[in-house]
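What follows is each chain in one-letter form.
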Amino acid sequence: MFARLYDWMLALARHPKATFALAIVSFCESSLFPIMPDIMLAPMILAAREKAWRLAFICTLASVLGALLGYLIGFALYDLIGQPIIAFYGGEVAFEKFTRFYSAWGFWIVFISAVSFIPFKIATIASGVLSMNPLIFIIACALGRAARFYAVAVLCATDPRAWLVRPIWRAGFIWVASLIILASAFGFEYIGNLPACDLCLQQRWPYYAALILAPIALWVAKMGALRAADYLLGLIALAYLAGSGLALYHAGIEWGFWAGPVNCTAGDFDINTISAQTLLESLPQSPIISCVQAPWRLFGLSLAGYNFLASLALAMLAAWPFYSQWLGIKLDMHKNKHE
C-alpha cells in the first residue's frame, strides 16, 4: 500500500495541478495521510527551482493547518476518529510515549515531531488530547515545519557547487542537517518507541559538536576569515568521521560481523562492577538496551547504517577544501565563490 502511495505521489508531482495536490497532501499528512509531503516537494522544486520558496511556504502553511485539524480531532473527537487513526498506523506505543514526555518537554516535543521524520499526526492528535495551549502548539508546529520544508527547498533549489565552495553555506547546511538528524533521533527514541542503546547515544556527540561549532564557523566566514572557517569545519569533519566509524562498528554488531561491548546499556553504571542488588534497583530507571538487535530497518539498513551514511556525507562536505585540493578538483563559482 505504501509503495503504491509513494508512486502515486511522485506522479502527482508532475501533474498540472501539482501545487494544489501538494497543499492537500501536506494538510492531510499532519492528521490522516501516511506519506510525507517531502516526496512531492523535492521533485517539484527540482523541476522549477524559481518556485522553491513559494512551494515551501505552501507546504508549511498547509501542514500547520492540517496540524490544527489533528489537534481538534484529539481535543474533541479522539474516541470517534483519533483513536482509530492511531490504531490504524500502529501508533499506540508512540502515542503513549508522547503523552508521557509531554509534561517535561512541552513545546520541544511538538517541535521535534514537526521537524523530524516521524509520524507528525501522532503529535498533533496527542496535543489535542492533552489540551496543549493552542498558541504554543501553533508556534511549535510552524517553526518545526518551516525548518523542515525550507531546508528541503534550500537543498534542492541551490547550485550543489555552492555547498562545497562557500564556507558560509556549508556551515549553515551542516547546522540545519545536524539539528534535523538530532530531532529525528530524539523523536524515534521518545515517540517512536525505539530506545537508544549506549552506542546510539555516543553517535549523537558529533551532532552536538556541530551545533556549537557550525555557527561559530559561519560567523567567522561572515567576518571574512574564510580559512579559519574552513579549519573549524575541518574539526567538525573529524568529529563526523569518528561518528561514522562508531556507526559502522554498531551496524557491524547488528549484522553479526563482530561482537559488541559487554556493557552495552543506556544506564550510567558498569554491569560488570556493580552488585546484583544495585543492578536490580537500577533496572526500572536504567533498562538494559541491547546494541545487538536493530529495532528498525528500512531497505535493509538500520538507524546505525543510515547514521553512518549521514555522518560520512557531512564529514565530506565539511572537509571539502582539504581533500579537493589534494584531488585537484576546482569548482568555479564566479568571482565571489567564498561568499
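Data block above holds the structure.
The structure displayed is predicted, hence computed values, not measured ones.

Enquirer: Looking at this model, I keep getting lost on the overall build of the chain. Mind explaining?
Expert: Looking only at helices and strands, the chain has 17 helices and two strands in total. Scored against the burial criterion, the 339 residues of the chain give a buried share of 46%. Across the chain, every contact between residues at least 6 apart in sequence was considered, and the portion connecting residues at least 24 apart equals 77%. Within the structure as shown, the chain displays about 17000 Å² of accessible surface, and the carbon and sulfur contribution to it stands at 70%.

Enquirer: What is the right way to read helix H14 (residues 226-255) from this model?
Expert: Compared with an ideal rise of 1.5 Å per residue, which puts 30 residues at 44 Å, H14 spans 42 Å between its outermost C-alpha atoms and is within 8% of the ideal. Positioned one or two residues after H14, Gly-256 has a phi angle of 80 degrees, which is positive.

Enquirer: Could you clarify how one ought to interpret the pattern of salt bridges in this entry?
Expert: If charged atoms from side chains of opposite charge come close, those side chains can pair. Counted under the stated rule, the structure contains four salt bridges. Here Glu-29 and Arg-145 are joined by a salt bridge, their closest N and O atoms 2.9 Å apart. Remark: Arg-145 occurs in helix H9 (residues 134-157) and Glu-29 occurs in helix H2 (residues 18-29); sequence separation between them is 116 residues. Side by side, Glu-29 and Arg-145 carry an identical accessibility label, which is buried. Where Asp-230 meets Arg-170, a salt bridge forms, and the shortest distance between an N and an O atom there is 2.5 Å.

Enquirer: Would you mind going over a nonpolar patch on the surface with me for this structure?
Expert: Together, Leu-135, Ile-136, Ile-139 and Leu-143 give the surface a local cluster of nonpolar side chains, amounting to about 340 Å² of exposed area. Secondary-structure assignment places Ile-139 in helix H9.

Enquirer: So what exactly am I meant to see when it comes to the packing of aromatic side chains here?
Expert: The geometry of an aromatic ring pair is captured by two quantities: the separation of the ring centres and the angle between the planes. The final tally for this structure, using the stated rule, is six aromatic pairs. Seen in terms of ring centroids, Tyr-71 and Phe-75 are 6.3 Å apart; in terms of plane orientation they differ by 10 degrees. Their pairing is stacked. Of the two residues, Tyr-71 and Phe-75 both sit in helix H4 (residues 52-76), four residues apart, roughly one turn of that helix. For Tyr-71, a relative accessible area of 9% puts it in the buried group.

Enquirer: Explanation requested: unusual backbone geometry in the structure shown.
Expert: Most peptide bonds adopt trans geometry, and most residues besides glycine take a negative phi value. Of note, Ser-131 is a non-glycine position whose phi angle comes to about 55 degrees, a positive value. Exposure remark for Ser-131: the relative accessible area of 44% places this residue in the partly exposed category.

Enquirer: How should I be thinking about the environment of Ala-315 in this particular structure?
Expert: Tracing the sequence through the fold places Ala-315 in helix H16 (residues 303-318). Of the residues examined, Ala-315 reaches a relative accessible area of 4% and is grouped as buried. With 78 residues separating them in the primary sequence, Ala-315 and Ala-237 have C-alpha atoms 4.1 Å apart. Excluding residues within four positions of it along the chain, Ala-315 makes contact with Ala-237, Tyr-240 and Leu-241.

Enquirer: Would you take a moment to explain the packing of helix H7 (residues 107-115) against helix H8 (residues 120-129) for this structure?
Expert: Each pair of packed helices can be described by the angle between their axes along with the distance between the axes. It is at 8 Å that the axes of H7 and H8 come closest, and there the two elements cross at 150 degrees. Taken together, the axes of H7 and H8 lie roughly antiparallel to each other. Where H7 crosses over H8, the handedness of that crossing is left-handed. Counted together, Val-110, Ser-113 and Ala-114 of H7 and Phe-120, Ala-123 and Ser-127 of H8 form the full contact between these two elements. Its residues assigned to classes, the contact of H7 with H8 shows four nonpolar, two polar and no charged.

Enquirer: Just to check I follow, could you spell out the environment of Gly-91 for this structure?
Expert: Turning to its location among the elements, Gly-91 is positioned in the loop between helix H5 (78-88) and helix H6 (92-105). The contacts of Gly-91, once residues within four sequence positions are left out, are Ile-86 and Ile-122.

Enquirer: Looking at this model, I keep getting lost on H9. Mind explaining?
Expert: The α-helix advances 3.6 residues per turn, and as a result positions three or four apart in sequence lie on the same side. With 24 residues, H9 extends 33 Å from end C-alpha to end C-alpha; this agrees with the ideal 34 Å at 1.5 Å per step. Those residues of H9 that sit buried are Phe-137, Ala-140, Cys-141, Gly-144, Arg-145, Arg-148, Phe-149, Ala-151, Val-152, Ala-153, Cys-156 and Ala-157. If you follow the buried residues of H9, they end up packed against H2, helix H3 (38-47), H4, H7, H8 and helix H11 (167-190).

So, how was this worked out
Note on numbering: residues in each chain are counted from 1, in written sequence order. Side-chain atom pairs in this predicted model are given and counted only at pLDDT of 80 or more, local residue features only at pLDDT of at least 70, and totals for whole chains, interfaces and linings cover all residues. Excluding hydrogens and water, the side-chain values take into account all heavy atoms of the structure. Note on conventions: DSSP H or I runs of at least 4 residues are helices, E runs of at least 2 residues are strands, and numbering of each starts at the N terminus. Only protein chains enter the accessibility calculation, which uses a 1.4 Å probe; a residue is then buried when its area is under 20% of its type maximum, exposed when over 50%, and partly exposed in between. Contacts between residues were defined by any pair of non-hydrogen atoms, one from each residue, lying within 4.5 Å. Areas reported as accessible are Shrake-Rupley estimates using a 1.4 Å probe. Residue values count occlusion only from the protein chains shown. Working rule for helices: expected span equals 1.5 Å times residues minus one. We define a salt bridge as a side-chain nitrogen of Lys or Arg found within 4 Å of a carboxyl oxygen belonging to Asp or Glu. For patch detection, residues must exceed 30% relative accessible area and be free of salt bridges, and they are connected within 9 Å for like charges or within 5 Å for nonpolar side chains (Val, Leu, Ile, Met, Phe, Trp, Tyr). Only Phe, Tyr and Trp rings are paired, with Trp represented by its six-membered ring, and only when their centres lie within 6.5 Å; those with planes under 30 degrees apart are stacked, over 60 edge-to-face, the remainder tilted. Axes here refer to lines fitted to C-alpha atoms; in helices the fit is confined to the stretch in contact. Angles between the N-to-C directions go from 0 to 180 degrees. Oblique is the label for any angle not under 35 degrees, not over 145, and not in the 65 to 115 range, which are roughly parallel, roughly antiparallel and roughly perpendicular in turn. Should the near helix be turned anticlockwise from the far one by less than a right angle, the crossing is left-handed, and should it be turned clockwise, the crossing is right-handed. Basically, the charged four are Asp, Glu, Lys and Arg, the nonpolar ten are Ala, Val, Leu, Ile, Met, Phe, Trp, Tyr, Cys and Pro, and anything else, Gly included, counts as polar.

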